[in-house]
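Here is what each chain is made of, one letter per residue.
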Amino acid sequence: MKLYVGVGLVILSLSLILLCNFLDFNQLFDKLLGFVILISSLLTAYLGVRRIFSFFDYNRIIKKGLKVKAHIVEIKRTLLSVNHIPEYIVEVFYKHPNTNQMYYTEFEYFGDVKNDVSIKKGKEIDIIIDPQNPNNIYFKNLV
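So, how was this worked out
- Residues numbered from 1 in each chain as written.
- Predicted model: local features only at pLDDT ≥ 70, side-chain atom pairs only at ≥ 80, totals over all residues.
- Heavy atoms only, no water.
- Helix = DSSP H or I, 4+ residues; strand = E, 2+ residues; numbered from the N terminus.
- Rg over C-alpha atoms; globule rule 2.2 N^0.38 Å.
- Buried < 20%, exposed > 50% of the residue type's maximum accessible area, 1.4 Å probe, protein only.
- Contact = heavy atoms within 4.5 Å.
- Patch = residues over 30% accessible without salt bridge, like charges linked within 9 Å, V, L, I, M, F, W, Y side chains within 5 Å.
- Areas by Shrake-Rupley, 256 points an atom, 1.4 Å probe, with all protein chains shown as cover.
- Salt bridge = Lys/Arg side-chain N within 4 Å of Asp/Glu carboxyl O.
- Lys, Arg positive; Asp, Glu negative; His and termini not counted.
- Core = buried A, V, L, I, M, F, W, Y, C linked by side-chain atoms within 4.5 Å.

Caption draft 1: Structural context of the overall build of the chain. Secondary structure assignment for the chain yields two helices and five strands. Listing every helix and strand of the chain by position from the N terminus yields α-α-β-β-β-β-β. The C-alpha atoms of the chain give a radius of gyration of 21 Å, which is well past the 15 Å a tight globule of 143 residues would have. Principal-axis analysis of the C-alpha atoms gives the chain an extent of 65 × 35 × 20 Å. Across the 143 residues in the chain, those meeting the buried criterion constitute 29%. Considering only residue pairs separated by 6 or more positions, the chain has 54% of its internal contacts joining residues 24 or more positions apart.

Here it is as C-alpha cells:
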C-alpha cells in the first residue's frame, strides 16, 4: 500500500507540473497560481519519494532484519485510532544479538491491548530490528 501511495503522489506531482504548462504567465493571477501549483507539486513529489523509500526500507528490514526478544516496559494509549481500533505506544528494551548492547525504543501498536494476551507489561515479544539502525524495529505480529 505504501508503494502505491508513493507512486500515486509522484504521478500527481508530475501532473501538477504539466498543468503549469497551460498557464499564461503574463497574467498576475496565473503567476500566483503557477507558484502555488509548483510548491504543491514539489511537496507531493517529496512525500511520494519518501513513501517509496519507506516501503523499500520496510521490505529490507523484513527480509534481512534480526529477530530478537524484547521486554515490554510500558504501554501508553494515544488519542489516535484507525477504524475505531485504538493506537498504543509500546515501550520495549532488548539486547542486540551481535553486540550484546541494550536498546530502549518504542513502536506503535494498533489493537485491543486488554484482549491481547501477548501485549502485556512485563511480557516478552518477538520483534525484528534493523541491522543498520538497531533503534528501528518492527513488531513481528504486524509482519
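Caption draft 2: Inspection of a nonpolar patch on the surface at higher detail. Together, Leu 14, Ile 17, Phe 35, Val 36, Leu 38, Ile 39 and Leu 42 make up a nonpolar patch on the protein surface, roughly 650 Å² of accessible area in all. For the nonpolar patch, the secondary structure elements donating two or more residues are helix 1 (2–20) and helix 2 (28–64). Broken down by element, the residue count for the nonpolar patch peaks at five residues, all from helix 2. Counting through the fold element by element, Ile 17 comes out in helix 1. Here Ile 17 falls in the partly exposed class, since its relative accessible area comes to 36%.

Caption draft 3: Expanded view of the environment of Ser 40. Relative to the helices and strands, Ser 40 is located in helix 2. Through-space distance from the C-alpha of Ser 40 to that of Leu 12 is 9.8 Å; in sequence the pair is 28 residues apart.

Caption draft 4: View of unusual backbone geometry. Of note in this structure, Asn 100 is not a glycine but carries a positive phi near 60 degrees. Residue position: Asn 100 is located in the loop between strand 2 (85–95) and strand 3 (102–110).

Caption draft 5: View of the side chain of Asp 30. Note on placement: Asp 30 falls in helix 2. Comment: no salt bridge for buried Asp 30; closest opposite-charge side chain is Lys 31, at 10.0 Å. Apart from the residues lying within four places of it in its own chain, the contact partners of Asp 30 are Leu 23, Asp 24 and Phe 25.

Caption draft 6: Summary view of the nonpolar core. The biggest cluster of nonpolar side chains holds 17 residues, and the ones touching the most others in it are Val 92, Tyr 94, Phe 107, Tyr 109, Ile 119, Ile 125 and Ile 127. At the level of elements, strand 1 (66–82), strand 2, strand 3, strand 4 (124–129) and strand 5 (137–139) are the ones that each hand at least two residues to this core.

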